[in-house]
Amino acid sequence: MVPLYQGRGLVETETDAAGMRAAITAARQNLRRPDGGPFGACILKDGRVLAVARNTVLARRDPTCHAEIGAIRLAARRLGTHDLSGCRICSTTEPCPMCFAAIHWAGIDAVVYGTRIADVARLGFRELTISNRAMKRIGGSAVRIVPGVLRVECRELLRDWERWHRGRIY
């Protein structure tokens, strides 16, 4: 697959760009209503959006309610199976170790993300600083990693969130 240049970030397909834009739109909901951090995720199957979720850690008072986990739960319900092979997940920020493990266990083929764990750690989020590449290597995961997709837009999301919600870090 030949990468396409989308002006503001490298994407593999138009579908990745559409999935990332859906994830960004979901995450932007937390700018108006701070239910969680500035994170969104979208799962794609056969080039179509299957599930979209945003971080709801604060609203649900549940530390596992990351956007990726929400999207995985919704996609599994919609497909009626725990096996999400054939799917890709687009996440506004590189998935944390918990989310990467769930992506691996769900059998998702690829993770596409915009900003890195280091970018949100600078905002004060207590992310474990283990990259997806390190998790893949150490764990022997087959999940394909596509970093930096629509990175500029995802960084804008983080800046907007920081302006509106200082101190709402968990």
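Residues numbered from 1 in each chain as written. Predicted model: local features only at pLDDT ≥ 70, side-chain atom pairs only at ≥ 80, totals over all residues. Heavy atoms only, no water.

(A) Seen up close, the sheet that holds strand β3 (residues 40–45). Strand order in the open sheet formed by five strands is β4-β3-β5-β6-β7, and the pairing between neighbours is mixed. Sheet topology places β4 (48–54) and β7 (144–146) at the edges, where each strand pairs with a single neighbour. In this sheet, adjacent strand axes meet at a mean angle of 20° when their direction is disregarded. Of the pairings in the sheet, the one linking strand β5 (residues 87–93) to strand β6 (residues 110–115) comprises five bridges and is parallel in character. Residue pairing across strands places Ser91 opposite Tyr113, the latter belonging to β6. In the packing of helix α6 (residues 132–139) onto the sheet, the strands contacted are β6 and β7, and the crossing angle to β7 comes to about 170°. (Pairing = 2+ DSSP bridges. Helix = DSSP H or I, 4+ residues; strand = E, 2+ residues; numbered from the N terminus. Axes fitted to C-alpha atoms, helices over the stretch in contact; angles between N-to-C directions. Contact = heavy atoms within 4.5 Å.)

(B) How the structure looks around a positive patch on the surface. A cluster of like positive charges, contributed by Arg60, Arg73, Arg77 and Arg78, occupies part of the molecular surface. At three residues, the largest contribution of residues to the positive patch is made by helix α3 (residues 67–79). Tracing the backbone through its elements, the reader meets Arg60 in helix α2 (residues 57–60). (Patch = residues over 30% accessible without salt bridge, like charges linked within 9 Å, V, L, I, M, F, W, Y side chains within 5 Å. Areas by Shrake-Rupley, 256 points an atom, 1.4 Å probe, with all protein chains shown as cover. Salt bridge = Lys/Arg side-chain N within 4 Å of Asp/Glu carboxyl O. Lys, Arg positive; Asp, Glu negative; His and termini not counted. Charge placed at Lys NZ, Arg CZ, Asp CG, Glu CD.)

(C) Expanded view of the pairing of β3. With respect to burial, β3 is a largely interior element, five of its six residues being buried. As defined by bridge partners, β3 adjoins β4 across six bridges and the pair is classed as antiparallel. Bridged to Gly40 within β4 is Arg54. Connecting β3 to the antiparallel partner β4 that follows it, the hairpin turn spans two residues, and Asp46 within it adopts a positive phi of roughly 55°. Where β3 and β5 come together, five bridges link them in antiparallel fashion. Each bridged residue has a counterpart across the sheet, and for Ala41 the counterpart in β5 is Ser91. (Buried < 20%, exposed > 50% of the residue type's maximum accessible area, 1.4 Å probe, protein only.)

(D) Main features of the pairing of β5. Along β5, seven of the seven residues are buried, which leaves the element largely enclosed by surrounding structure. In this fold, the crossover linking β5 to β6 by way of helix α4 (residues 97–106) has right-handed handedness. (Right-handed = clockwise from strand over helix to strand, strands pointing away.)

(E) Local environment of the environment of Trp161. Mapped onto the elements of the fold, Trp161 is located in helix α7 (residues 151–164). Each C-alpha atom, one on Trp161 and one on Leu123, is 9.8 Å from the other, the two residues being 38 residues apart in sequence.

(F) Structural detail: unusual backbone geometry. Residue Asp46 is not a glycine yet carries a positive backbone phi of 55°. Structurally, the position occupied by Asp46 is in the loop between β3 and β4. Despite not being glycine, Leu150 shows a phi value in the positive range, around 50°.

(G) Structural context of the environment of Leu74. As for its position among the elements, Leu74 is in helix α3. Taking the C-alpha atoms as reference points, Leu74 and Ala53, separated by 21 residues in sequence, lie 8.2 Å from one another. With residues near it in sequence (within four places) discarded, Leu74 still touches Ala51 and Val52.

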